[in-house]
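If you want the building blocks of each chain, they are given just below.
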Amino acid sequence: MNEIESVGKSENFLDQIIRSELSGGFDKKNLRFRFPPEPNGYLHIGHAKSICINFGFGKEFSSPVNLRFDDTNPEKENTEFIDSIKNDIKWLGFDWDEECYASDYFDQLYDWAAHLIREGKAYVDDQDQVKIAEQRGVPSSPGTNSPFRERDVQTNLDLFHKMKTNHFKPGECVLRAKIDMNSPNMHMRDPVMYRIINHEHHRTKDHWVIYPTYDWAHGQSDYIENISHSFCTLEFEVHRELYDWFIENIPKKKKLLPKQSEFARLNVSYTIMSKRKLLELVESNVVDGWSDPRMPTISGMRRRGIPPDAIRNFCDKVGVSKRENIIDFALLDFCTREVLNKTAYRLMVVLDPVELEIINYPEGKNEMLTAENNQEDSSYGRREVSFSKNLYIERDDFKEESNRKYFRLSIGKEVRLKNGYIIMGDKVEKDKNGVITKIFCTYDPNSRSGSGTEESLRKVKGTIHWVDKNNHEIIDVNLYDRLFKIQSPDENKEVDFKSHINENSLIKVKNVYAESSIKNVNFDNYYQFQRKGYFKLDSKNEKLTFNRTVTLRDTWKS
RNA sequence: UGGCUCAUGGUGUAACUGGUAACACGUCUGGUUUUGGUCCAGAAGAGUCUAGGUUCGAGCCCUAGUGAGCCAACCA
């Protein structure tokens, strides 16, 4: 975006923070952002918001954005997650400047911790976790000091060195910052800086047995990388005081210090965003892994067929503020349809077929009709579709009797076969249960689409899609719906969120009739099965399988 | 000894730092259309949580309430 364009545009409060600093003399060259995921899960739509915010500022101000893995807890993190995160960010269309790891700073962090000890601002505490928690007290009343709080510097230094050199077992002791056990902010009550974890780290392997906590690592990493603005979600608001305290108390050579600002995390109706719960769905096999098309993960949405531009547009429309919010699922659907309408190749596929015979169409005749691949964009070209006497149409595109509001086929009523002829319903054939097994109709031979004849130009209220009975492909289709039945599945902590799962969130439809040109589909393109919705190829084995991304908007009220 | 944050149509975000609320989604009309899609035109829907105060004038400032969220992991 250039300067002109950005002028009239309303800015969010993060924008305003940056701009007011810029106008206050902050050099634009010193702007630098970062996206700091922990590699302990797959990225989801909530992360996409954060990615769009940080990388968006990078674009807006032509500033570098680091990708930094907050890998301070080896028990939960691994390289599978790192790879997926990098892949997802790229797919969303963003590039980072430097690929960083908090673990790259472990040496520096250790030295700084020793410095704090020497300054009398950190100490080794031999108490166990429950004792420490007890002494921390509750928010409404002060805590009490640890009996180890006043250890002398040399003792602390020795102990800290021993922690590092594997003299203690996990839980035996921790390094704590010496701040204020009386602070109304719980995070200032001598927070833990290092704990002992005997677990191989995916990068530093077995080099370390002590690991810095989030609070001790995050701000310092920002400082090391010259991050100017450290944006995070609201729950870190109470951490800011500690973030600032650490940076204030390390020995600094730089004058520009990073600043943390917080925005509200994204919530979307009918889904969950908690990584822990998403993991639970994966591990309990409720879904088909992290990339199940019903998952709000980036990889799930990709497999579902939601294009990256749609996700970016969505994040843009969602806005940035400090208010708790629940975004209507319909907004994501809108964004998806908006880009797919312009980009999807159209095909004719009949999901729930019933046979249609054209009585007056010559037996054995076959003709190829011309169809547009995308009526929004002629550059998508045209294709040929096979047509003959016997076809399949959608079962609910026919009613024996109908009123004026029903535009589709019925006895004595005309309808257009998409790209083909105008037909009129004649009679039906039923089985002994009264279920229609075949529909008979007559066609107007002069009404072929594109023929330019007077008959072909006639206005008919309805148009339906169809597939040639004698020339088609057979595919499988996965019909997806929202994963949960209620708007806020994890709102009530008493009830297991999994009890709200929509048991119809996946309907597998086998042996669906599709026009034969579907043989030519590929994984890069997006498709619209006309009048049915947008679909994405999921697998291309002997049999094609498609995932329904989203239905077409439907305003018809019967 | 509790602290911090937030409060604008159904949803989300704006409102040039004081000049009687705008945009998007959704909803509802009508038109176009060989997708009941798209597109086009239009409508309804809030007087900005409450009560005071400052001011010629307040969604924006002040005070007090009310409601909601976050914080008591050796998670991030």
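The structure we're discussing is the one just above.
Remember, it's a predicted structure, so these values are computed and weren't measured experimentally.

Each value, and the rule that gives it
- Residues numbered from 1 in each chain as written.
- Chains lettered and ligands numbered in written order.
- Predicted model: local features only at pLDDT ≥ 70, side-chain atom pairs only at ≥ 80, totals over all residues.
- Heavy atoms only, no water.
- Axes fitted to C-alpha atoms, helices over the stretch in contact; angles between N-to-C directions.
- Helix = DSSP H or I, 4+ residues; strand = E, 2+ residues; numbered from the N terminus.
- Left-handed = near helix turned anticlockwise from the far one by under 90°.
- Contact = heavy atoms within 4.5 Å.
- Nonpolar A, V, L, I, M, F, W, Y, C, P; charged D, E, K, R; others polar.
- Near = heavy atom within 4 Å.
- Polar contact = N/O pair within 3.5 Å; in protein donor to acceptor, adjacent residues only side chain to side chain.
- Core = buried A, V, L, I, M, F, W, Y, C linked by side-chain atoms within 4.5 Å.
- Buried < 20%, exposed > 50% of the residue type's maximum accessible area, 1.4 Å probe, protein only.
- Phe/Tyr/Trp six-rings, centres within 6.5 Å; stacked < 30°, edge-to-face > 60°.
- Patch = residues over 30% accessible without salt bridge, like charges linked within 9 Å, V, L, I, M, F, W, Y side chains within 5 Å.
- Areas by Shrake-Rupley, 256 points an atom, 1.4 Å probe, with all protein chains shown as cover.
- Salt bridge = Lys/Arg side-chain N within 4 Å of Asp/Glu carboxyl O.
- Lys, Arg positive; Asp, Glu negative; His and termini not counted.
- Charge placed at Lys NZ, Arg CZ, Asp CG, Glu CD.
- Expected span 1.5 Å × (residues − 1).
- Pairing = 2+ DSSP bridges.

(A) Molecular detail of the packing of helix H8 (residues 214–224) against helix H9 (residues 240–249). H9 packs onto H8 with a crossing angle of 65 degrees between their chain directions and a minimal axis gap of 9 Å. Taken as a pair, H8 and H9 cross one another with a handedness that is right-handed. Contacts between H8 and H9 involve Asp215, Trp216, His218, Gly219, Gln220 and Asp222 from the first element and Leu242, Tyr243, Phe246 and Ile247 from the second. When the residues that make up the contact of H8 with H9 are grouped by side-chain class, the tally is five nonpolar, three polar and two charged.

(B) Spatial organisation of the protein's contact with RNA strand B. Among the 73 residues in the neighbourhood of RNA strand B, the closest are listed as Asn182, Ser321, Arg323, Arg346 and Ser449. The sugar-phosphate portion of RNA strand B accounts for 64% of its atoms within 4 Å of the protein, the bases making up the rest. Separating a base nitrogen of RNA strand B from a backbone N or O atom of Gln127 is a distance of 3.2 Å. Glu376 is positioned such that a nitrogen or oxygen atom in its side chain is 2.7 Å from a base nitrogen of RNA strand B. Only helix H6 (129–136), strand E6 (192–196), helix H12 (308–318) and helix H13 (329–343) provide two or more residues apiece to the surface near RNA strand B. Looking at the surface near RNA strand B, the element that brings in the most residues is H13, giving four residues. Grouping the constituent residues of the surface near RNA strand B by class yields 22 nonpolar, 27 polar and 24 charged.

(C) Summary view of the nonpolar core. Core analysis: the largest hydrophobic core is formed by 49 residues, its most contacted members being Ile45, Ile89 and Phe314. Mapped onto this core, the elements with two or more residues apiece are helix H2 (13–23), strand E1 (33–35), helix H3 (45–60), strand E2 (65–69), helix H4 (79–92), helix H11 (298–304), H12 and H13. Examining the composition of this core, we find that seven residues originate from one element, H3, more than from any other. If near-sequence neighbours (up to four positions away) are discounted, Ile45 is found in contact with Leu266, Val268, Met273, Pro296, Ile298, Met301, Ile311 and Phe314.

(D) Main features of the packing of aromatic side chains. A full pass over the atoms with the stated rule returns 31 aromatic pairs. Ring geometry for Tyr345 and Tyr527: centres 6.0 Å apart, planes at 40 degrees, overall tilted. Here the residue Tyr345 occupies a position in strand E10 (residues 345–347), and Tyr527 occupies one in strand E25 (residues 527–529), the gap between them amounting to 182 residues. By relative accessible area, which is 4% here, Tyr527 ends up buried.

(E) Seen up close, a negative patch on the surface. Among the surface-exposed residues, Asp180, Glu241, Asp244 and Glu248 lie close enough to one another that they form a single negatively charged patch. Here Glu241 shows up in helix H9. For Glu241, a relative accessible area of 42% translates into the label partly exposed.

(F) How the structure looks around helix H7 (residues 153–164). Given a rise of 1.5 Å per residue, 12 residues ought to cover 16 Å, and the 16 Å separating the end C-alpha atoms of H7 matches this to within 8%. Asn156, Leu157, Leu159, Phe160 and Met163 are the residues of H7 that are buried. Among the residues of H7, the N-terminal cap falls to Asp152, whose side-chain oxygen and the backbone nitrogen of Gln154 are separated by 3.1 Å.

(G) Focus on the sheet that holds strand E21 (residues 463–464). Taken in spatial order, the seven strands of this open sheet run E21-E18-E19-E20-E12-E15-E22, and their pairing is mixed. Each edge of the sheet is formed by a strand with only one pairing partner; in this case those strands are E21 and strand E22 (466–468). Summarising the sheet, strand E12 (residues 353–358) and strand E15 (residues 390–394) pair through five bridges and their orientation is antiparallel. The partner of Glu357 across the bridge, within E15, is Asn390.

(H) Structural context of the environment of Glu237. If you trace the backbone, Glu237 turns up in the loop between strand E8 (229–233) and H9. Along the chain, Glu237 and Gln260 lie 23 residues apart, while their C-alpha atoms are 8.6 Å from each other. Other than its neighbours up to four places away in sequence, Glu237 contacts Gln260, Glu262 and Lys322.

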